[in-house]
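# Inside the fold
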Amino acid sequence: MADEFAIESSLKEKRRFEPDPKWSRAALVPGKAAYRRMVKEAEKDFRRYWARHAKENVSWFTPWKKILDWKPPRARWFVGGKTNVSYNCLDRHLEGENAWRKNKAAIIWEGEPGDRRVLTYGDLHREVCKFANVLKDRGVKKGDRVILYMPLVPELAIAMLACTRIGAVHSIIFGGFSADAIRDRTNDAEARVIVTADGGWRRGQIVRLKDMVDEAIDGGAAVNQVIVLQRTGHDVPMKAGRDLWWHDLMADASPVCKPAKLDSEHPLFILYTSGSTGKPKGILHTTGGYLTHVATTSKYIFDLKETDTYWCTADIGWITGHSYVVYGMLANGATSVMYEGAPNWPDEERFWQIIDRYRVTIFYTAPTAIRTFMKWGADHVKKYDLSSLRLLGTVGEPINPEAWMWYRRVIGHNRCPIVDTWWQTETGGILISPVPGAVATTPGSATLPFPGIFPDIVNEQGESCGPDEGGYLVIKKPWPGMLRGIHGDPERFREQYWSKFDGIYFTGDGARRDRNGYFWVMGRVDDVMNVAGHRLSTMEVESALVSHPKVAEAAVVGRPDEIKGTAVVGFVSLEGDVAFDASLAEELRSHVAREIGPVARPDEVRIAAALPKTRSGKIMRRLLRDVAAGRETTGDTTTLEDFSVLASLRQDEE
Ligand code: WTA
């Protein structure tokens, strides 16, 4: 259940920032009255409301016959409609009244070493058509899955859009995952083709992506073709008959490729995310509804104007990058900035330099990044001119009011509204967020649902909670961007999201709603941790730990961390007569990084004689969380199998 501490501290938050009238007047939703009209329209008939947005923000080859077919948990949006995502993101900006966008920047990209590229909509269209033809020539057909394991370079967006152009289904694996993760995801998705790069740049080092792919294939990833982009230029072995260079294939590819007319429910992508078991879930999103959702929320929540330069710092390997670096932005004909590398390379000024250089107007980042910037200090920021900024956003985890205020003051100079956007890989797009210019903000709250989204806070029995009462965050009506399933596992889909409350989507988050109806999301109530804005399952890390020959048992918990939100602490008991020494803890941390990827490296590994368990053999995580956080153990401990275990753990600390 939601953390009592968090509820208490957020109850004290009284600061409130009304929209600036001048800002509001120029906004796409110009003030409270306009916002209320939107809310009313959605409440009257949410189907027709979303259909209006689907007409306004998406172009269709064939109109739909039915807006929504809803047989929980199965949703089909815009049934019978035909469209194409790459057509919406590219072609329609090159024809008719929008034809002038041909020479508008679609992507402004900066590599970590300082190399720069701008791709106009015309450029991007040509490259996407070419790569779509490459995929076709390699035998990729409609419905086939393609793994993309790439650095943050324009070619990743090109590959995504090329897949959508021909109806292939992409599955992006974040570059911070390692060989085993690639193998498992590739095989689960039954993909035969991987698109990768020799490497990417991160903190001045080469991230050796191709080596990881080779290792994944040696380890059993059943792919037979690897397309390799040359990014870093270092030597990589190329296996004849399997590996091909991107540039060789592109050299002869035709720049003409018609977009496939795809059913609204045609699968668009699968994105793996951590659940409450050791096995990541392949979250499935489809075409028409997803596009409607991300295009509409991009437009209104970021108040996108033709002249904006928008920068979302997320990696495209996460859902935020899918929805709000690529699809939502390009569907609106916007200019999206991408930066390949680390925020502190070559120094802590890099982000502010980028904002200054490109005159970024909208900046969207994660609370963990903001807390890091705070630690680095405002002096780095002050060296640059950030006066171009007009709107700030955050995503990925609850933001503490202190970080929110710093963001507002130091980055936004008290002039920029902040949109704290709550959503998930599963929701496809933003569900709870202020609409800037129309909704007053308060630090730490994601405020109100986007019009057309119907969340609630309920107790264990599924009854709505009263004001300020903590409970489970649920979504009561379907929405266009909702996940359509877990790839290959309909049972888990039903069980995970739709079984706790019948026919109602369970988010896995705890939250409360205050007297103004504002939502305060407290964090996960399941075994998912939110580490530096990335989702990680305790079980995934546990199974990586026990896969080490010296480990008998492992339990992983999160501990509050000033910068990362949550830090990962692993408790392990060792096999038989294995002796513990400090280097073993280090070895285990590296072992997890190797097994899952550097993103999962535990912050701390602690050795226990035995893990505390209930009589039925369940590990008592609550106690371990207290121990990890250095808190006094509270609550009932009578089910502890071995009191001495807990005592010895606590002694270890002293
Ligand atoms: C958390 C990221 C509080 C939440 C888009 C959710 C947030 C999980 C917020 C999804 C926010 C995301 N305030 N918590 N504004 N945004 N979360 O799938 O716990 O990587 O369930 O999607 O992040 O993480 P995911």
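These figures come from a predicted structure and were not determined experimentally.

### Here's the deal with the site of the ligand
Around the ligand, 17 residues are found, and the nearest of them are D420, T421, T425, R524 and R535. R535 is positioned such that a nitrogen or oxygen atom in its side chain is 2.8 Å from an oxygen atom of the ligand. Mapped onto the shell around the ligand, the elements with two or more residues apiece are α12 (319–331), β20 (418–421) and β25 (519–524). Looking at the shell around the ligand residue by residue, the class counts come to six nonpolar, six polar and five charged.

### Some details on the sheet that holds strand β30 (residues 604–607)
Reading across the sheet, the three strands line up as β28-β29-β30 and stay open at both edges, with mixed pairing between neighbours. Each edge of the open sheet carries a strand with a single partner, namely β28 (551–561) and β30. Here the strands of the sheet are splayed against their neighbours by 25 degrees on average, with no regard to which way each runs. Contacting β28, β29 (565–574) and β30, helix α19 (residues 582–595) runs over the sheet at an angle of about 130 degrees to β30.

### Side note on the side chain of D315
Relative to the assigned elements, D315 resides in the loop between β16 (309–312) and α12. Here D315 occupies a buried position and makes no salt bridge, while the nearest side chain of opposite charge, R202, is found at 6.1 Å. Engagement of the side chain of D315 in a polar contact is seen with the backbone nitrogen of G317, the distance being 2.7 Å.

### Here's the deal with the environment of P151
Relative to the helices and strands, P151 resides in the loop between β6 (145–149) and α7 (154–166). For P151, a relative accessible area of 9% translates into the label buried. For the pair P151 and R183, spaced 32 residues apart in sequence, the C-alpha to C-alpha distance is 18 Å. When sequence neighbours within four positions are dropped, the list of residues in contact with P151 reads L156, A197, G199, G200, L209, R231 and E340.

### As for the confidence of the model for the protein chain
Across the protein chain, pLDDT averages 93, with 95% of residues at or above 70. Considering only residues more than four positions removed or in separate chains, one finds that residues 1–5, a stretch of pLDDT under 50, has 11 contacts. Segment residues 636–641: pLDDT under 50, and 17 contacts once partners within four positions in sequence are set aside and those in other chains are kept.

### Focus: the sheet that holds strand β24 (residues 505–513)
Pairing is antiparallel in the open sheet, where four strands are placed in the order β21-β22-β24-β25. Since the sheet does not close on itself, it has two edges, and those belong to β21 (455–458) and β25, each with one partner. Taken over all neighbouring pairs, the strand axes of this sheet differ in orientation by 45 degrees on average, direction set aside. Pairing between strand β22 (residues 471–475) and β24: four bridges, direction antiparallel. Note on β24: the bridge partner recorded for V474 is F506.

### Remarks on the packing of helix α4 (residues 46–57) against helix α11 (residues 288–301)
In contact at an axis separation of 9 Å, α4 and α11 are set at 80 degrees when each is read in the N-to-C sense. Classified by the interaxial angle, the pair formed by α4 and α11 is roughly perpendicular. Residue-level contacts link W50, H53, A54, E56 and N57 of α4 to T292, A295, T296, K299 and Y300 of α11.

### A look at the state of the cysteines
Applying the stated criterion across every chain, the model contains zero disulfides. Its sulfur unpaired, C416 is 16 Å from the next cysteine sulfur, which belongs to C312. On the basis of relative accessibility, which here comes to 1%, the residue C416 falls in the buried class.

### Observations concerning the packing of aromatic side chains
Both the distance between ring centres and the angle between the ring planes are used here to describe each pair of aromatic rings. Summed over the entire model, instances satisfying the criterion amount to 40 aromatic pairs. Taking 5.5 Å as the distance between ring centres and 25 degrees as the angle between the ring planes, the aromatic pair formed by F17 and W404 counts as stacked. Remark: W404 occurs in helix α16 (residues 401–411) and F17 occurs in the loop between α1 (4–11) and α2 (21–25); sequence separation between them is 387 residues. Each member of the pair F17 and W404 is classed as buried. Ring geometry for W479 versus Y505: centroids 5.3 Å apart, planes at 75 degrees, classification edge-to-face. Taken as a pair, W479 in the loop between β22 and β23 (485–486) and Y505 in strand β24 lie far apart in primary sequence, 26 residues in all. Both residues of the pair, W479 and Y505, count as buried.

### Section: the pairing of strand β17 (residues 335–339)
Within β17, five of the five residues are buried, which leaves it mostly tucked inside the rest of the structure. Here β17 shows no split at all, with T335, V337 and Y339 on one side and S336 and M338 on the other all buried. Across four bridges, strand β4 (residues 105–110) lies against β17 in parallel orientation. Note on β17: the bridge partner recorded for I108 is V337. Taken together, the three bridges between β16 and β17 define a ladder with parallel strand orientation. Across the sheet, the residue bridging to W311 is V337, located in β17.

### A short note on unusual backbone geometry
A cis amide bond links P72 to the next residue, P73, at an omega of 0 degrees. Along the chain, the position of P73 falls in the loop between β1 (66–71) and β2 (74–79). Geometrically, the link from W345 to P346 is a cis peptide bond, its omega value of -5 degrees lying close to zero. As for its position among the elements, P346 is in the loop between β17 and α13 (350–358). With a phi close to 50 degrees, E190 is a non-glycine residue in the positive phi region. By secondary structure assignment, the location of E190 is in the loop between α8 (179–189) and β8 (193–197). Residues other than glycine seldom take positive phi values, yet A532 does so here, at roughly 50 degrees. Mapped onto the elements, A532 comes out in the loop between β26 (528–531) and β27 (534–537).

### As for the side chain of R492
Relative to the elements of secondary structure, R492 occurs in helix α17 (residues 490–498). There is no salt bridge for the buried R492, and the closest opposite charge comes from D489, which lies 4.9 Å off by N-O distance. Sequence-distant contacts of R492, defined by excluding residues within four places in its chain, comprise G275, T277, K279, P280, K281 and I486.

### A few points about helix α9 (residues 209–218)
For α9, every residue scored as buried is listed here: L209, K210, V213, D214, A216 and I217. Viewed end-on, α9 has its buried residues packed into an arc of 160 degrees, placing them on one side of the element. Residue G220 follows α9 closely and has a positive phi angle near 115 degrees.

### So, the nonpolar core
Formed by 166 residues in total, the largest nonpolar core has its most connected members in L124, F131, W246, F302 and Y327. A total of nine residues in this core trace back to one element, the largest contributor, which is α7. What L124 contacts, discounting residues up to four positions off in sequence, is L90, A106, I107, L119, I158, L161 and L330. I108, F363, L392 and W406 belong to the second largest nonpolar core, which has 31 residues in total.

### Let's talk about the pairing of strand β19 (residues 391–395)
The element β19 is extensively covered by neighbouring structure, given that five of its five residues are classed as buried. Both faces of β19 are covered, namely the face carrying L391, G393 and V395 and the face carrying L392 and T394. Two elements, β19 and β20, share four bridges in a ladder whose sense is parallel. Bridge pairing in β20 places V395 opposite T421. After leaving β19, the chain enters α16 and then returns to the sheet as β20, a path that is right-handed.

What counts, and at which threshold
- Residues numbered from 1 in each chain as written.
- Predicted model: local features only at pLDDT ≥ 70, side-chain atom pairs only at ≥ 80, totals over all residues.
- Heavy atoms only, no water.
- Near = heavy atom within 4 Å.
- Polar contact = N/O pair within 3.5 Å; in protein donor to acceptor, adjacent residues only side chain to side chain.
- Helix = DSSP H or I, 4+ residues; strand = E, 2+ residues; numbered from the N terminus.
- Nonpolar A, V, L, I, M, F, W, Y, C, P; charged D, E, K, R; others polar.
- Pairing = 2+ DSSP bridges.
- Axes fitted to C-alpha atoms, helices over the stretch in contact; angles between N-to-C directions.
- Contact = heavy atoms within 4.5 Å.
- Buried < 20%, exposed > 50% of the residue type's maximum accessible area, 1.4 Å probe, protein only.
- Lys, Arg positive; Asp, Glu negative; His and termini not counted.
- Salt bridge = Lys/Arg side-chain N within 4 Å of Asp/Glu carboxyl O.
- pLDDT = per-residue confidence, 0-100.
- Parallel < 35°, antiparallel > 145°, perpendicular 65-115°, else oblique.
- Disulfide = S-S within 2.5 Å.
- Phe/Tyr/Trp six-rings, centres within 6.5 Å; stacked < 30°, edge-to-face > 60°.
- Arc of directions from axis to C-beta.
- Core = buried A, V, L, I, M, F, W, Y, C linked by side-chain atoms within 4.5 Å.
- Right-handed = clockwise from strand over helix to strand, strands pointing away.

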